[in-house]
Amino acid sequence: MKKIVLIFISLVMLSCSSTRKSVQISSKDESFIQSNESQSAKLNKVVDTTKTDNGKITFTEIEFYPPSGDTITIPVVNVDGVNIVNVASIKNAAIKSIKQTIIETNVEQKGKSNESSETQGNQEQTMILSNEQELQESIVPVSDPYKWRYIFGIVAILAIGLLYLKRTPIFNWIRKILSNIRRII
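Please read all numbers here as calculations on a predicted model, not as lab measurements. (Residues numbered from 1 in each chain as written. Predicted model: local features only at pLDDT ≥ 70, side-chain atom pairs only at ≥ 80, totals over all residues. Heavy atoms only, no water.)

A word on the overall build of the chain
If you tally the helices and strands in the chain, you get three helices and six strands. Its helices and strands in sequence order give the chain the pattern α-β-β-β-β-β-β-α-α, from N to C terminus. Considering the chain as a whole, with its 185 residues, one finds that 1% of them fall into the buried category. At a minimum sequence separation of 6, the contacts of the chain that also span at least 24 residues come to 87%. By element, 55% of the accessible surface of the chain is carried by carbon and sulfur atoms, the whole surface being about 17800 Å². (Helix = DSSP H or I, 4+ residues; strand = E, 2+ residues; numbered from the N terminus. Buried < 20%, exposed > 50% of the residue type's maximum accessible area, 1.4 Å probe, protein only. Contact = heavy atoms within 4.5 Å. Areas by Shrake-Rupley, 256 points an atom, 1.4 Å probe, with all protein chains shown as cover.)

Below, the structure written as structure tokens:
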């Protein structure tokens, strides 16, 4: 019987133990990105707009002596809407004088064209990322609201069991105390 009581008491003591579980996770991430981008372009265009006209005009004057008796027919050739005398086909004519005038023209108009363009681009990017994570987990068994009732019940059962096993010496001890109290009163 004593062995059964000891086993019962040891089981009660083992069942009252509590375990605690605690988990802590801490994480911190930081990212910093900075980007600067700058572009600059300058374009100068110089165009020479000089105009040059060259012209050459040649005048040829041929003077003939007056004809001697025969009539001379002068052939005419039409070139681009202009009537030109065909001098090579005149026969039996005496040339008095040949005069040739050459007119040359050089016309130059100077010009210069400037064109300039400037392009600037600026791009700035700043990115800050911050991530903070903290996890704390604690698992503690919830205290039983009836804990003191169970303890009192177990003590009462043990006391009753002890009284039952040792009833004779206990009853004798109680009688002795009660008889001492009766003598005093």
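Some points on the packing of aromatic side chains
Inspection of every chain in the model, using the stated rule, returns zero aromatic pairs. The ring of Tyr-164 has Arg-167 sitting right over it, with the charged end atom 5.2 Å from the ring centre. (Phe/Tyr/Trp six-rings, centres within 6.5 Å; stacked < 30°, edge-to-face > 60°. Lys NZ or Arg CZ within 6 Å of the ring centre and 35° of its normal.)

Describing the environment of Ser-116
Mapping Ser-116 onto the fold places it in strand β6 (residues 112–139). Residue classification places Ser-116 among the exposed positions, given a relative accessible area of 56%. Distance from Ser-116 to Lys-45, taken between C-alpha atoms, is 5.9 Å for residues 71 residues apart in sequence. Setting aside anything within four residues of it in sequence, one finds Ser-116 in contact with Leu-43 and Asn-44.

Things to note about the confidence of the model for the chain
Averaged over every residue, the pLDDT of the chain is 78; residues scoring 70 or more account for 81%. Ranking the elements of the chain by mean pLDDT puts helix α1 (residues 2–15) last with 71 and helix α3 (residues 167–184) first with 88. (pLDDT = per-residue confidence, 0-100.)

Considering a negative patch on the surface
Residues Asp-29, Glu-30, Glu-132 and Glu-134 make up a contiguous surface patch of negative charge. Counting residues per element, the ones that place at least two in the negative patch are β1 (21–48) and β6. On the secondary structure map, Asp-29 appears in strand β1. Judged by relative accessible area, Asp-29 falls into the partly exposed class, the value being 41%. (Patch = residues over 30% accessible without salt bridge, like charges linked within 9 Å, V, L, I, M, F, W, Y side chains within 5 Å. Salt bridge = Lys/Arg side-chain N within 4 Å of Asp/Glu carboxyl O. Lys, Arg positive; Asp, Glu negative; His and termini not counted. Charge placed at Lys NZ, Arg CZ, Asp CG, Glu CD.)

Observations concerning α3
The end-to-end C-alpha distance of α3 is 26 Å, a good match for the 26 Å that 18 residues give at a rise of 1.5 Å each. Buried residues are scarce in α3, accounting for zero of its 18 residues. (Expected span 1.5 Å × (residues − 1).)

A few points about a nonpolar patch on the surface
Among the surface-exposed residues, Phe-171, Trp-173, Ile-174, Ile-177, Leu-178, Ile-181, Ile-184 and Ile-185 lie close enough to one another that they form a single nonpolar patch of about 900 Å² accessible area. By the secondary structure assignment, Ile-184 is in helix α3.

Regarding the environment of Thr-50
Position of Thr-50 among the secondary structure elements: in the loop between β1 and β2 (51–64). Since its relative accessible area comes to 29%, Thr-50 is described here as partly exposed. Taking the C-alpha atoms as reference points, Thr-50 and Lys-112, 62 residues apart in sequence, are found 7.1 Å from one another. Setting aside anything within four residues of it in sequence, one finds Thr-50 in contact with Glu-108, Gln-109, Lys-110 and Gly-111. One polar contact links Thr-50 to Asp-48, side chain to side chain, over a distance of 2.7 Å. (Polar contact = N/O pair within 3.5 Å; in protein donor to acceptor, adjacent residues only side chain to side chain.)

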